[in-house]
Each structure stands twice: as structure tokens, then as C-alpha cells.
Amino acid sequence: MAALLRWRSAISPGVCTALQRDGCAVIDGALGANWCLAARGEVERVWRAGRLHANATHIVRAGERQLLPKASILEAELLDPAVQAVAPLVAELQADATLRTMLSLLLPRLRLDSQAIKLQVNEGGGGCFPMHCDSDEEVDGRRVSAIFYLNPHWRPGDGGELRLYPFPREPVDIAPACDRIVLFPSTTMLHRVLPSKRDRYCFTLWLSQSRGRPPPPTPLPVLLQEMSAPASREALVALLREPQARRYVSKLFYAAPWAASIEESHAPSPARDAALEQHWREARALEAVFTRLCGVSGKRLRPHLLDLALAAAPTAWL
Ligand SMILES: O=C(O)CCC(=O)C(=O)O
Ligand SMILES: [Fe+2]
């Protein structure tokens, strides 16, 4: 209870400003080391009770669904009352609306009305996540991801850093240190987890707008196809003020490290080949669209897009 009070006072207007301006906010010391150690113990008990399952991405290839598991990553949603009974502290946080209330008050475009927690254990030995965004406006109502790290013994060299790609700014690595919370927009912040040498515990609180959601905007690829080409510099800079547009440009910008992150996160399998194929197909399609719009091709395209995105900054993330 004391930890929850402490947590409530840690969610300051400064956190909302950083989230809006930088695309991420880091809060240290919000719950206290004792709470985090106890929460880590709860996640471990859920694991020992056999309630964590291997994380896997669903890939659709030639109409067939294939499962693409991540090596060493185990997870569980905190929906099941049996899991909640083993993790009462984390369940108490799941029931606390402070974060979503504060964010909705201070960031008027956010109307967050529900939340869910996912527990995660990375067993180490190189376990990692490939580059991804957590959600998409067409998929569900998730808007803000908040990750709570529970690793009292983390040291530089252990790996397992969260890497954010706030394009056009340089990537940022954040250590999964104990009692640290990292917030970012679920639909637009590209991120991954670097390989972890040792076990790594955390849970994610996803904050969603589930009621009264506006219909999803026209998908960006459709809008881009409709823009006349070549587009003016002003039109392209205006486009890159939209977080969704920056998301697509960063997919193109980081196509090679993105593919490497898929190879690093999954053991070789036909499902991994399908994921890589799909990744390169999308990257090539984006390259064709932006080559047409910018009137710039080949090696000159990426620096050109970076220049446009820098001209669009500073931009809002939410
Ligand atoms: O473990 C982390 O730091 C991030 C995990 C993640 O990106 C996810 O669960 O979507
Ligand atoms: Fe994620």
C-alpha cells in the first residue's frame, strides 16, 4: 500500500511532458526496492507454478498460420484469477488507475479507460526481442506501454537493455534496472530488447482506450499512394510530423538492423524465414513509395528522409 502511494506521487506532469516531447519517459525509484523484490518473487512463483508460456508471434504464410517462438522468453497475462492469486502485489497495481488517469488528464488526446498486465521472464542465454511496435490503431486500443523492471543484480555487460528508436533521433538504450519504469507510445515507438546474458524479470502495463474509440485513420500506405509525386518538401515535412508516418519511415530507415534483430531473436525455422521474407517485402514496398514521393532513390533516400524528419522536429508523440 505504501508502495502504491509512493508510485502515485511519482507520476508527475514532467513524465507526461517527456512522453509527449521525447516519445519516452523513465521513472526511477517509484515503487521502492522492497516492493520490486517482492514483485519479482511473485513472477518467479507464477513461473514455478507452470503458468508462464513461451512467447510466440503468429505468422501467416500462404494462408497458413505458423508460430514463431522467441528463444528464452516466457510470459503470462495477469487476467486469470489463479495467476492473480500467486501475484497479489502486481494484481493490486493492475487495479490502480492512477497512471492512466494522470496521462488522460495531462495529454488531452489520450482517453485511457482500461489496462492489462503481462508478466515476462527472460531466461537469459541471449534471449531477446526483435524490433517492433506493441500495437496498431487497427489492432486494438493500446496507447501507452509502461514496463516495470525487477532486476536488482543487473550490471553493465549483462545485456537485456531496452532499445528505443525515437526516429529521427538516435536510438536510446535503457538498462532494465530494478525499480525503473519506462513509458512509451504503444503504436508508434519502435523498440526491441537486446540479448540478455542472465535472467531478466519485468512486467508490462498496457494502457488502452477501449470505449468510444474513433474509427482507425486511413492506413498510411493508402494515403501515401494517393499523394501526388514528387511531393513538395513542405508536404513531406508535414507528413513526417505524424507519428504514424515516422513509424513507417523508420521501418525503411532501419530495415537491415530490423532483419538482424529477427534473426537474433528466433532460432532458424520455416516460420522465421517467413517473417524475414515478409519484413523485406514491406521494406521494399516502402522504399518504392518513398522513392516515388521524394524523387530520390538508392543510397540517397535514407539521408534524405532523415533530413526531412529532422526538419519536422520537434514533433508530438501522442
Ligand atoms: O522486456 C522488455 O523490456 C520489452 C518487452 C516488449 O517489448 C514487449 O513485451 O512487447
Ligand atoms: Fe514491445
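Residues numbered from 1 in each chain as written. Chains lettered and ligands numbered in written order. Predicted model: local features only at pLDDT ≥ 70, side-chain atom pairs only at ≥ 80, totals over all residues.

An unreviewed UniProt entry annotates the protein chain as Fe2OG dioxygenase domain-containing protein of Elliptochloris bilobata. According to the UniProt record, the Cofactor (unreviewed entry) comment for the protein chain is "L-ascorbate". (UniProt positions renumbered as here; feature names shortened; annotations may be inferred.)

Enquirer: Could you clarify how one ought to interpret the overall build of the protein chain in this entry?
Expert: A tally of helices and strands in the protein chain yields 12 helices and 11 strands. For the protein chain, whose C-alpha radius of gyration is 20 Å, the value lies close to the compact-globule estimate of 20 Å for 318 residues. Across its three principal directions, the C-alpha atoms of the protein chain cover 60 × 45 × 40 Å. For the protein chain, with 318 residues in total, the buried portion stands at 37%. Partitioning the contacts of the protein chain with sequence separation of at least 6, the portion at a separation of at least 24 is 79%. (Helix = DSSP H or I, 4+ residues; strand = E, 2+ residues; numbered from the N terminus. Rg over C-alpha atoms; globule rule 2.2 N^0.38 Å. Buried ≥ 20, exposed ≤ 12 C-beta atoms within 10 Å, placed from the backbone. Contact = placed C-beta atoms within 7 Å.)

Enquirer: Would you explain the sheet that holds strand E8 (residues 172-174) in this entry?
Expert: Pairing within the open sheet is antiparallel, and its four strands lie in the order E5-E10-E7-E8. For this open sheet the edge positions go to strand E5 (127-132) and E8, each flanked by a neighbour on one side alone. Taking each pair of neighbouring strands and ignoring which way they run, the sheet shows an average axis angle of 25°. As defined by bridge partners, strand E7 (residues 162-165) adjoins E8 across three bridges and the pair is classed as antiparallel. When the bridges of E8 are listed, Leu-162 appears paired with Ile-174. (Pairing = 2+ DSSP bridges. Axes fitted to C-alpha atoms, helices over the stretch in contact; angles between N-to-C directions.)

Enquirer: How should I be thinking about helix H2 (residues 13-22) in this particular structure?
Expert: Owing to its 3.6 residues per turn, the α-helix aligns residues three or four sequence positions apart on the same side. Considered for burial, the residues of H2 that qualify are Val-15, Cys-16 and Leu-19. In a view along the axis of H2, the buried residues occupy a sector of 100°, so they form one face of it. Away from the buried face of H2 by more than 90 degrees, exposed residues Pro-13 and Gly-14 are located. Buried residues in H2 make contact with strand E1 (25-28), helix H6 (98-106) and strand E9 (180-185). One or two positions beyond H2, positive phi appears at Gly-23, with a value near 80°. (Arc of directions from axis to C-beta.)

Enquirer: Would you mind showing me how to read the site of ligand 1 here?
Expert: Taken together, Gln-120, Phe-129, Asp-134, Ile-147, Leu-162, Pro-176, His-191, Val-193, Cys-202 and Thr-204 make up the full set of residues adjacent to ligand 1. Elements with a minimum of two residues in the shell around ligand 1: strand E10 (190-196) and strand E11 (200-208). A per-class count over the shell around ligand 1 returns six nonpolar, three polar and one charged. (Near = placed C-beta within 6 Å. Nonpolar A, V, L, I, M, F, W, Y, C, P; charged D, E, K, R; others polar.)

Enquirer: Hey, could you run me through the packing of helix H9 (residues 243-253) against helix H11 (residues 270-294) in this one?
Expert: When two helices pack together, you describe them by how their axes are tilted relative to each other and by the distance separating the axes. For the pair H9 and H11, the least separation of the axes is 9 Å and the interaxial angle reads 110°. As summarised for this structure, H9 and H11 are arranged roughly perpendicular, according to the angle between their axes. Handedness of the H9/H11 crossing: left-handed. Between H9 and H11, the residues in contact are Tyr-248, Lys-251 and Leu-252 and Glu-282, Ala-283, Leu-286, Glu-287 and Phe-290, respectively. (Parallel < 35°, antiparallel > 145°, perpendicular 65-115°, else oblique. Left-handed = near helix turned anticlockwise from the far one by under 90°.)

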